[in-house]
Amino acid sequence: PEYLNLKLDYPYFSIVILDIENASDIEAELGITAYQIEMLNIGDMLEEKLRIFDQFYLVKEFSSLICILGQKTSNPNHFLQALHKAAASFLDDYSESRFFIKIGIGQITSSLWNLHLSFESANHALKYRFFFPNQNVFDAKEALGRDFSLLSSTEIKEEELIQLLCQKDKKAIEIWLHDFFLELSRK
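Below or above, wherever it landed, is the structure these notes cover. (Residues numbered from 1 in each chain as written. Predicted model: local features only at pLDDT ≥ 70, side-chain atom pairs only at ≥ 80, totals over all residues. Heavy atoms only, no water.)

**Let's talk about the pairing of strand β3 (residues 64–71)**
What counts here: Throughout this description, buried means an accessible area under 20% of the type-specific maximum (1.4 Å probe, protein chains only), exposed means over 50%, and partly exposed covers the range between. Under the DSSP-based scheme used, a helix requires at least four consecutive residues in state H or I and a strand at least two consecutive residues in state E, with every element numbered from the N terminus. Strand pairing follows a simple DSSP-based rule, namely that at least 2 bridges must link the two strands.
In terms of burial, β3 is a largely internal element, eight of the eight residues being buried. Residues S64, I66, I68 and G70 of β3 are buried on one face, and the alternating residues L65, C67, L69 and Q71, pointing to the opposite face, are buried as well. When strand β1 (residues 12–20) meets β3, the two strands line up antiparallel, connected through eight bridges. Bridging from a neighbouring strand, S14 pairs with L69 of β3. Taking the residues between adjacent antiparallel strands as the criterion, strand β2 (residues 55–60) and β3 are bridged by three residues.

Structure below.
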C-alpha cells in the first residue's frame, strides 16, 4: 500500500466507479490518443470533485475510472451522502459532454480487507442502470435495499479465512472451505 501512496488508517473506505458507456464509439471517432487525453481530463475533473475526501486514489482503465476513497468520520452515512453529492456535482459539470457517464458507488466498509466488497457492490450497482436509464448515479444499498455481500457468512468468518490465507495454512483453509460449502448446501 505504501508504494501506491495509500494510507490505511481510515475508519471507512469506499470504491466509486465511473463508467463510460460509449467509450468504444468515442475512441473510434477521436482516435486512441485524443480519447486517452479526454480520459485524463475526466480523471482530473473527478479528482477535483473527490479531493474533499481524506484519501483519494485513482485507477484508470479503458472505459472506466476506479476511485479508492478513505474518510475519517464517525458516521458512515455522512460519507455515503457526501459521495452522492460529489458524484452528482461531477455529472452536473460534465452534462454537456459526448461521454455517456454512469457512476456506481460501492458500499461503505470499515475494513480495508473488505474493500473488494465495495468494488463488487459498485459494479453490481452499475448493472441497475438498464432499469433506470435516466439515472446516472447508483449505489448498491439503493439497488439491493441492503448492504451488498459476496459471502453469506459473517464478517468474523471472512476475517478468519483471510487470516488463514495470509498464514498459508492449507489444512485449516481446506477445513474452513469444507465447513463453508457445507453451510451453503444447508440453505
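**A look at the packing of helix α2 (residues 32–50) against helix α3 (residues 76–93)**
The following threshold applies: Axis lines are fitted to C-alpha atoms, over the contacting stretch for helices. Their N-to-C directions set the angle, which ranges from 0 to 180 degrees. To sort the angles, those under 35 degrees are grouped as roughly parallel, those over 145 as roughly antiparallel, those from 65 to 115 as roughly perpendicular, and the leftovers as oblique. Note on convention: the crossing is left-handed when the near helix lies turned anticlockwise from the far helix by less than a right angle, right-handed when the turn is clockwise. It only takes one pair of heavy atoms within 4.5 Å for two residues to be counted as in contact. Under this grouping Gly is polar, as are all residues other than the nonpolar Ala, Val, Leu, Ile, Met, Phe, Trp, Tyr, Cys and Pro and the charged Asp, Glu, Lys and Arg.
At a minimum axis distance of 9 Å, the contact between α2 and α3 shows a crossing angle of 140 degrees. Viewed along their axes, α2 and α3 adopt a mutual orientation that is oblique. Read as a crossing pair, α2 and α3 show a hand that is right-handed. Contacts between α2 and α3 involve I42, M45, L46, K49 and L50 from the first element and A86, S89, F90 and D93 from the second. For the contact of α2 with α3, the class distribution of residues is six nonpolar, one polar and two charged.

Everything listed here is a matter of coordinates, which is why it stays silent on function.
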